[in-house]
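Each chain, letter by letter, is given below.
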Amino acid sequence: MSEFLPKAYFEGKIVDFKDANISIATHALHYGTAAFGGMRATVDPKTKQVLLFRLDDHCKRLSSSAKLLGYSIKADFIKKKILEFVKANPCKDNYYIRPLVYVSDLGIAPRLHNVKYDFLIYGLPMGDYLDKGGIKVCFSSWVRGEDRSLPLRGKIAGTYVTSALSKTEAHERGFDEAILLNSAGKIAEASAMNLFIVRGNKLITPSVNQDILEGITRDSVIKMARDFNYEIIERPVDKSELLIADEAFLSGTAAQVTPIKKVEGYNLPENNPITQKLSEEFSKIFTDPKSKYLSWITKL
Ligand SMILES: Cc1ncc(COP(=O)(O)O)c(C=O)c1O
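Values in this document were obtained by computation on a predicted structure and should not be read as measured data.

The rules we used
- Residues numbered from 1 in each chain as written.
- Predicted model: local features only at pLDDT ≥ 70, side-chain atom pairs only at ≥ 80, totals over all residues.
- Heavy atoms only, no water.
- Near = heavy atom within 4 Å.
- Polar contact = N/O pair within 3.5 Å; in protein donor to acceptor, adjacent residues only side chain to side chain.
- Areas by Shrake-Rupley, 256 points an atom, 1.4 Å probe, with all protein chains shown as cover.
- Nonpolar A, V, L, I, M, F, W, Y, C, P; charged D, E, K, R; others polar.
- 1 Å grid on protein atoms, 1.4 Å probe; cavity = no way out; pocket = protein on both sides within 12 Å on 5 of 7 lines; lining within 4 Å.
- Points joined across faces, edges and corners; volume = space filled by probe spheres on them.
- Helix = DSSP H or I, 4+ residues; strand = E, 2+ residues; numbered from the N terminus.
- Buried < 20%, exposed > 50% of the residue type's maximum accessible area, 1.4 Å probe, protein only.

Student: I tried to follow the site of the ligand on my own but got confused; where do I start?
Tutor: Residues in contact with the ligand amount to 15 residues; listed here are only the nearest, Lys155, Tyr160, Ile216, Thr217 and Thr253. One nitrogen or oxygen atom from the side chain of Arg61 is found 2.8 Å from an oxygen atom belonging to the ligand. Here Lys155 contributes a side-chain N or O atom positioned 2.5 Å from an oxygen atom of the ligand. In isolation the ligand has 380 Å² of accessible area, and contact with the protein removes 97% of it. Its residues placed into classes, the shell around the ligand shows five nonpolar, six polar and four charged.

Spelled out as structure tokens, the structure:
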């Protein structure tokens, strides 16, 4: 597969990816005034069907993200266009779908009134984003923004500058991922993943008022863990709790369930049975026709 899927949805129709281009004066490019989604399309190797994970929830989140930018786009409309996009791009390998709502205006002014918006979708091949065998993380020197200054419940393009800075800082220091604290000094999340720690038989994750993105994978992990009868605690998480955790992992569309094996200079225990159990259960959703979570899948 080439670098991008051959077809994109752009300015109201399906076009060749190479013909989907925007002006250099586009508002979103200058001010980060865009909101995006991101979901995996898993191609079933036997049936060749495309499996989309929690499609309705992804569309709903993008619709809410657009609302935060002052734009009304219905989740049903986003869904319809994603389905058209998938049908226009028959693929043999797994890929990632990137829908984007953006301020398409060409005016110079950081504002959200009297502007035009548009919506596009493109896709690209995607395998593992992080090493499923376990990753090394560091604490970022960049602090996760605050919801009172940035709408963090949406995937707003401009807010990802902090993610980009922290990811590169981690990379330059020889780590795979960055953990960002929030302005209260508690753990928020990684550059584009939520975080869970395991202490004893309990799973602990920063609550939704800790300046996190309300991850769809996070929500899925919580549901699966509850079904396994683990206690889930959503609360502020201290930095030192991660250092002494029995297990820790990241969750996200790209990362799925990725174990953390080292935090700064601290090794976490090699044995991580709860993480493994949840990771396997998550993978089974896409491979096991008897998975109890099949209602999360849209098949095409
Ligand atoms: C900042 C941030 N946190 C967490 C996540 C994980 O969210 P999800 O599980 O919905 O992909 C993402 C990815 O979308 C993200 O961008």
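Student: What should I look at first to understand the layout of surface pockets in this one?
Tutor: To find leftover empty space, one rolls a probe the size of a water molecule over the atoms. For the largest pocket, the calculated volume is near 680 Å³. Along its surface, the largest pocket is lined by 34 residues, and Phe36, Tyr96, Arg98, Lys155 and Ala192 are the ones closest to its centre. Contributions of two or more residues to the lining of the largest pocket are made by strand E6 (95-103), strand E7 (117-125), helix H4 (160-172), helix H5 (216-227) and strand E14 (247-252). The element that contributes the greatest number of residues to the lining of the largest pocket is H4, accounting for four residues.

Student: Teacher, can you tell me more about unusual backbone geometry here?
Tutor: For residues other than glycine, phi is negative in most cases, and the peptide bonds are mostly trans. One non-glycine residue, Arg54, lies in positive phi territory at about 50°. You can see Arg54 is positioned in the loop between strand E5 (50-53) and helix H2 (55-68). Residue classification places Arg54 among the buried residues on the basis of a relative accessible area of 8%. In this structure, Asn229 is a non-glycine residue whose phi angle is positive, near 70°. Structurally, Asn229 can be placed in the loop between H5 and strand E13 (231-234).

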